Amino acid sequence: MAEKQQDSRIALEMAQQDADVRHREEMTRLQKRVHTGTFISDYLGQVLGFLVAAGCVVAAVYAGIWQNNWPVAALFLGLPVVGMIQAVRGMKPSAKGKSGS
C-alpha cells in the first residue's frame, strides 16, 4: 500500500512538473511575440516619421524656392522640427516619481 501511494505521488509530481514546463514555455512564447510586436511597431513609427519629415522638407523647398512662398515653406519646416522636439522631450525621465521639490 505504501509503494502504491509513493508511485501515485511520484506520478502526480511528474504531471505537475510537466504542466509547469508547458506553462513556462507558453509564457516565453507569448513574451517573445510581445517583444517582436513592439519592435515592429517602433520600427514602423520611425520609418513613417522619417517619410513625413522628408516630405515636409521637400514641400518646403518647393514652396520656398520654386513658388517663392516663404511663409508656407516655414510652416512645412516647422512640422518636422516640432516632431523632433516632442520626441526629445518624450525621452526625458518624468519627474512625477521623484519625491521632494
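This text gives an overview of the structure that appears in the document. Bear in mind that the values here come from a model prediction, so they are computed numbers and not experimental data.

Analysis parameters
Residues numbered from 1 in each chain as written. Predicted model: local features only at pLDDT ≥ 70, side-chain atom pairs only at ≥ 80, totals over all residues. Heavy atoms only, no water. Patch = residues over 30% accessible without salt bridge, like charges linked within 9 Å, V, L, I, M, F, W, Y side chains within 5 Å. Areas by Shrake-Rupley, 256 points an atom, 1.4 Å probe, with all protein chains shown as cover. Salt bridge = Lys/Arg side-chain N within 4 Å of Asp/Glu carboxyl O. Helix = DSSP H or I, 4+ residues; strand = E, 2+ residues; numbered from the N terminus. Axes fitted to C-alpha atoms, helices over the stretch in contact; angles between N-to-C directions. Parallel < 35°, antiparallel > 145°, perpendicular 65-115°, else oblique. Left-handed = near helix turned anticlockwise from the far one by under 90°. Contact = heavy atoms within 4.5 Å. Nonpolar A, V, L, I, M, F, W, Y, C, P; charged D, E, K, R; others polar. Buried < 20%, exposed > 50% of the residue type's maximum accessible area, 1.4 Å probe, protein only. Phe/Tyr/Trp six-rings, centres within 6.5 Å; stacked < 30°, edge-to-face > 60°.

## Some thoughts on a nonpolar patch on the surface
Taken together, the side chains of Phe39, Ile40, Tyr43, Leu44, Val47, Leu48, Phe50 and Leu51 make up a nonpolar region of the molecular surface, amounting to roughly 860 Å² of accessible area. Tracing the backbone shows tyrosine 43 in helix α1 (residues 2–66).

## Section: the packing of α1 against helix α2 (residues 70–91)
Their axes nearest at 8 Å, the elements α1 and α2 cross at an angle of 165 degrees. Classified by the interaxial angle, the pair formed by α1 and α2 is roughly antiparallel. In terms of crossing hand, the pair formed by α1 and α2 is left-handed. When α1 is examined against α2, the residues Val52, Ala53, Cys56, Val57, Ala59, Ala60, Ala63, Gly64 and Ile65 are found in contact with a partner set consisting of Trp70, Val72, Ala73, Phe76, Leu77, Leu79 and Pro80. Looking at the contact of α1 with α2, its residues break down into 15 nonpolar, one polar and no charged.

## Notes on the pattern of salt bridges
Here the structure, examined in full by the defined rule, presents two salt bridges. Salt-bridge contacts for aspartate 20 lead to arginine 24; the nearest nitrogen and oxygen are separated by 3.1 Å. Residue aspartate 20 and its partner arginine 24 are both found in helix α1; the two are separated by four residues, about one turn of the helix. The salt bridge involving arginine 29 is made with glutamate 26; its shortest N-O contact spans 2.6 Å. Here glutamate 26 and arginine 29 lie together in helix α1, a separation of three residues that amounts to about one turn.

## Considerations on the environment of arginine 9
Mapped onto the fold, arginine 9 is located in helix α1. Taking the relative accessible area as the measure of exposure, arginine 9 reaches 47% and is therefore partly exposed. In this structure the C-alpha to C-alpha distance between arginine 9 and isoleucine 85, which are 76 residues apart in sequence, comes to 63 Å.

## Some remarks on the environment of leucine 44
Within the secondary structure layout, leucine 44 lies in helix α1. The sequence separation of leucine 44 and glycine 78 amounts to 34 residues, and the corresponding C-alpha distance is 22 Å.

## Quick notes on the packing of aromatic side chains
Describing an aromatic ring pair means giving the distance of the ring centres and the angle of the ring planes. Going through the model one piece at a time under the given rule, you end up with two aromatic pairs. An angle of 15 degrees between the planes, with centres 6.4 Å apart, marks the rings of phenylalanine 39 and tyrosine 43 as stacked. Of this pair, phenylalanine 39 and tyrosine 43 both sit in helix α1, four residues apart, roughly one helical turn. As far as burial versus exposure is concerned, phenylalanine 39 and tyrosine 43 are alike and both exposed.

These figures capture arrangement, not role.
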